[in-house]
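Commentary on secondary and tertiary structure
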Amino acid sequence: MINRKLLMGMVGGGPNAFIGAVHRMAATLDGRIELVCGAFSRTRNKSIEMGKKLFLPPERVYGSYREMFRNEAKLPEGKRMDFVTIATPNNMHYPIAMAALEAGFHVVCDKPLATSMEEALNLAKKVKSTKLLFCLTHNYTGYPLVKEARRIVTDGKIGKVRRVVVEYPQGWLATRIEAKGQKQALWRTDPKQAGISCCMGDIGTHCHNLAEYITGSEIVEVCADITTFVKGRLLDDDGSVLIRFKNGAHGVIWASQIAVGEENGLKIRVYGETGSLEWAQEEPNSLIVRWANKPMEILRTGTSFLSPAASINTRLPSGHPEGFIEAFANIYRNFALALTRRIQGIKIREEDYDYPNIHDGVRGMAFLSAVVKSSAARQWVNVSTEETN
Ligand code: NAD
């Protein structure tokens, strides 16, 4: 029985980092989680600087993740961290997640899961053998209206799905800002830190995850054309992918970081036999549903017409806009509910696992590997979760 907040440690999210701060806000939004320790940066000094900003006790701020796992494991239950959040560049996800699982800690990890299929499958094996919980922050599935879209599609309301179109244009890498030392661009365009892809790994994997989540079907084949438009850059900054789903649907994913003027334009459209859906991340509180034989509907977050899945993941009455942080917080809240039950020894029901997990990570990695392979070979490639590269 636990009668306390869940205790969180963090690796990454140091001074001037982007997503680490979002993780901290999201994790603590509902009062179920408290940050108790961290190894926030590659260097001890920067980790200490961050620990001070967060008012953490100095003895719980570490110079490396290994030191943190070693020391935290020695503390009694209720004092030591229950789980660790990993918010570092991609190449560090695997070693940190593996070390955390080996030390007995549950894991929340940012995407993409790893930098190769071999790493992804090793992690999946480790999660299975340790029976620890693993959450991958594909945060866009945390939005109430994304959950509503999934319910509409999987309940068959728009009929058999025929076509899925996902686009994710950004413009921030339209010039070579990494050459000027821009922190987030530096590692994303460096194959040693980002892995086999920049644009497709960074945002194409969100498109992949969103498409599989809403349709409830897996993408099994891809035909990709990825490009590096900015001279001197070592990884892709734009790409389009034809996709085929297990359930027979076809579709397109377009992800770009050179789409000048675009901010964070993730948008998905799903066309069934009798209706279609449209949801856009920059207007997340509306879901457009179009019908073959009646006028279109605009569903709104917080209204009483939505399913329990959407309502449970909404905090405010309609008309009070919820956004990125709240959707991110839904991933944490649902993970926290599952972890609390696990610690209490209560059997976890299927619906309590409403957050992206290790299998989503393996599928994302398989998608990414297939995209890179397909583009190089200029042909269709199967998305296989067995392959190694
Ligand atoms: P960032 O460069 O802003 O921050 C990375 C942080 O990790 C830095 O503070 C750096 O010092 C720290 N770090 C690096 N190696 C470390 C190590 N060995 N030990 C401890 N700390 C270390 O990067 P970012 O934009 O915040 O991205 C971080 C991760 O989050 C990436 O995997 C990225 O793909 C993912 N991300 C996800 C989303 C999302 O919407 N889910 C958005 C942005 C980034």
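The rules behind the values
Residues numbered from 1 in each chain as written. Predicted model: local features only at pLDDT ≥ 70, side-chain atom pairs only at ≥ 80, totals over all residues. Heavy atoms only, no water. Near = heavy atom within 4 Å. Polar contact = N/O pair within 3.5 Å; in protein donor to acceptor, adjacent residues only side chain to side chain. Helix = DSSP H or I, 4+ residues; strand = E, 2+ residues; numbered from the N terminus. Nonpolar A, V, L, I, M, F, W, Y, C, P; charged D, E, K, R; others polar. Core = buried A, V, L, I, M, F, W, Y, C linked by side-chain atoms within 4.5 Å. Buried < 20%, exposed > 50% of the residue type's maximum accessible area, 1.4 Å probe, protein only. Domains from an automatic or database assignment. Contact = heavy atoms within 4.5 Å. Pairing = 2+ DSSP bridges. Expected span 1.5 Å × (residues − 1). Axes fitted to C-alpha atoms, helices over the stretch in contact; angles between N-to-C directions. Parallel < 35°, antiparallel > 145°, perpendicular 65-115°, else oblique. Buried area = accessible area lost by both parts, 1.4 Å probe. Salt bridge = Lys/Arg side-chain N within 4 Å of Asp/Glu carboxyl O.

1. Quick look at the site of the ligand
Close to the ligand lie 29 residues, the nearest being Ile19, Asn90, Lys111, Asn139 and Gln184. Between an oxygen atom of the ligand and a side-chain N or O atom of His93, the distance comes to 2.9 Å. Between a nitrogen atom of the ligand and a side-chain N or O atom of Asn139, the distance comes to 2.8 Å. Mapped by element, the contributors of at least two residues to the shell around the ligand are strand S1 (6-12), helix H7 (183-188), helix H9 (199-215) and helix H11 (324-344). Broken down by class, the residue content of the shell around the ligand amounts to 12 nonpolar, 11 polar and 6 charged.

2. Describing the nonpolar core
Counting 83 residues, the largest nonpolar core has Phe69 and Phe134 as the members making the most contacts within it. The residue makeup of this core includes at least three contributed by each of domain 1 (6-140 + 331-357) and domain 2 (143-316 + 363-382). Residues in contact with Phe69, not counting those within four places in the same chain, are Val11, Met81, Val84, Ile96, Ala99, Ala100, Ala103 and Phe105.

3. Some details on the side chain of Asn139
Mapped onto the secondary structure, Asn139 falls in the loop between strand S5 (134-136) and helix H6 (144-154). Overall, the relative accessible area of 4% leaves Asn139 in the buried class.

4. Comments concerning the pairing of strand S6 (residues 161-169)
Bridge analysis of S6 against strand S10 (residues 267-272) gives 6 bridges, and the strand direction is antiparallel. Among the inter-strand pairings, Val166 is bridged to a residue of S10, identified as Ile268. In this sheet, strand S9 (residues 250-256) lies alongside S6 in parallel orientation, the contact comprising 7 bridges. When the bridges of S9 are listed, Glu167 appears paired with Trp254.

5. With respect to helix H12 (residues 358-377)
Taking 1.5 Å per residue as the helical rise, H12 with its 20 residues ought to reach 28 Å, and the 28 Å between its terminal C-alpha atoms agrees with that figure. Where H12 starts, the residue carrying a side-chain oxygen 2.9 Å from the main-chain nitrogen of His359 turns out to be Asn357. Directly beyond the C-terminal end of H12, a positive phi value near 55° is found at Arg378.

6. As for the packing of helix H3 (residues 65-74) against helix H4 (residues 93-102)
For the pair H3 and H4, the least separation of the axes is 10 Å and the interaxial angle reads 10°. On the basis of their axis angle, the class for H3 and H4 is roughly parallel. Between H3 and H4, the residues in contact are Tyr65, Arg66 and Phe69 and Pro95, Ile96, Ala99 and Ala100, respectively.

7. Comments concerning the domain arrangement of the protein
Examined at the domain level, the protein breaks down into domain 1 (6-140 + 331-357) and domain 2 (143-316 + 363-382). A straight line from the C-alpha centre of domain 1 to that of domain 2 covers 25 Å. Contacts between the two partners involve 24 residues from domain 1 and, on the opposite side, 28 residues from domain 2. Taken together, the two surfaces of domain 1 and domain 2 that pack against each other cover about 2,100 Å², and 51% of this comes from carbon and sulfur. Scanning the region where domain 1 abuts domain 2 turns up 3 salt bridges. Counting every contact that joins domain 1 to domain 2 gives 16 residue pairs in polar contact (both at pLDDT 80 or more). Counting only elements with at least two residues in the side of domain 1 that touches domain 2, the list comes to helix H5 (117-130) and H11. Residues belonging to the side of domain 1 that touches domain 2 are distributed by class as follows: 10 nonpolar, 9 polar and 5 charged.

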